[in-house]
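Topology and contacts: notes
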Amino acid sequence: MTVDLHRLPNGVRVVTEHMPGLKSASLGVWVTAGGRHERAEQNGVAHFLEHMAFKGTSTRDALQIAEAIEDVGGYINAYTSREMTAFYARVLGEDVPLALDVISDIVLNPVFDPREIEVERHVILQEIGQALDTPDDIIFDWLQETAYPGQALGRPILGPSNRVEKFDRGDLAGFVSERYLPGNLIVAAAGAVDHDAIVRMVEERFGHLAASAARDVDPARFLGGECRVEKGLEQAHLALAFESPGYRSDDVYVGQVYATAMGGGMSSRLFQEARERRGLCYTIFAQASAYSDSGMLTIYAGTGHEDLNDLIGLTVEELRRSAGDMSAAEVDRARTQMKAGMLMGLESPASRAERLARQLAIWDRVPPLEETVERIDAVSVEKTRAFAERLATNGAAALALYGPVSGAPTVQDMTGQLAA
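A few points about the overall build of the protein
Along the backbone of the protein there are 16 helices and 11 strands. The C-alpha radius of gyration computed for the protein amounts to 23 Å, which stays within 12% of the reference 22 Å derived for 420 residues, consistent with globular compactness. Dimensions of the protein, computed from C-alpha atoms along their principal axes, come out at roughly 60 × 50 × 40 Å. The buried share among the 420 residues of the protein stands at 54%. Working note: accessible area of the protein is about 17800 Å², and carbon and sulfur atoms make up 50% of it.

The following block contains the structure:
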């Protein structure tokens, strides 16, 4: 399998990976603009725009967009993250030109019909309401805001209801003109694809766009703090976060290996200690998420009020102990889990296309898989313990608690215990 990359004169990047033997292909447009690129008054507009792209273009209405792909047995969707918005499809190889035409149409030619804006506004408000009614969903928004207070990176992707209620056509078109610039557009495809043919199609559809410099974003500042919401729920929900390396850091895989060892599966330290040995919770996990210049190591658990303090104490103690006793077996298992998960995932053309776009957005190149594997293998016990030591001593953490959480330790209590 070979990765091919082409850059149009205006800055649009095209990256493909042909996967021999496949009859299908995944392709899309990834825009390096998401929630982080919004001003405060725009919060939620990137996600609103993602919804509106499917509501009609100058040549297709909403039903025609859906039918164009589903009539050939394909699938089309989109998502908005903090640093990216993606519009993508999965089709048979012979239908790649159709899929690229539809996706380029919804990205370049949305009409933002005022009537459709009102319909989708109601849908998004329902989505926000659903998130607010889901404790193990909303707590991560609160954690993000607590970790990066007063910053675009800390604001919710869906936006607050009072903003969403006011967005109009001008707000949507304004964000497109500010952020949907050629240098921010990546067309990625994997599977039964022909690189040269896709480049020609992209040149036809995107080549007319005028080159324009992308706007910078403010650097991330992980500050930490505490958000505590008392409510009469059956479960107390806990989310604890520390700053971890961003994508461009040499230590990005150290943070991910550590998170996997601590709470990445049934054999992980926290799962074994908190659930299997002590029975303190049903769900507990750790994960490391990364942004371009920062990241978060997050631990989440849900438990009954009577077990919350014991669970918190155990979690903090395991974090503290890991700086001194993280074992070679734990690190080796975590590295193997990460490599296997990555390689098994890349048997899918959708995962391949996603990887191509993300790697290109981060490094402006697509590192060979062998390079990524080597970087994971280079994570040693010593590096993992040193990472744990930094977590314990840097004094900055973010804590979100939701439910029957009265009497739970404060974030200052936890960081103090960690550093002891």
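A look at helix H13 (residues 349–363)
Here H13 spans 21 Å end to end across 15 residues, near enough to the 21 Å set by a 1.5 Å rise per residue. Among all positions in H13, only Pro 349, Arg 352, Ala 353, Glu 354, Arg 355, Leu 356, Ala 357, Gln 359, Leu 360 and Ile 362 are buried. The N-terminus of H13 is capped by Ser 348, whose side-chain oxygen sits 3.1 Å from the backbone nitrogen of Ala 350. Just past H13, the residue Asp 364 takes up positive phi, approximately 60°.

Here's the deal with the environment of Gln 144
With respect to the helices and strands, the residue Gln 144 is situated in helix H5 (residues 135–147). Judged by its relative accessible area of 4%, Gln 144 is buried.

Rules behind the numbers
Residues numbered from 1 in each chain as written. Predicted model: local features only at pLDDT ≥ 70, side-chain atom pairs only at ≥ 80, totals over all residues. Heavy atoms only, no water. Helix = DSSP H or I, 4+ residues; strand = E, 2+ residues; numbered from the N terminus. Rg over C-alpha atoms; globule rule 2.2 N^0.38 Å. Buried < 20%, exposed > 50% of the residue type's maximum accessible area, 1.4 Å probe, protein only. Areas by Shrake-Rupley, 256 points an atom, 1.4 Å probe, with all protein chains shown as cover. Expected span 1.5 Å × (residues − 1). Polar contact = N/O pair within 3.5 Å; in protein donor to acceptor, adjacent residues only side chain to side chain.

By themselves, these observations are geometric and do not establish any function.
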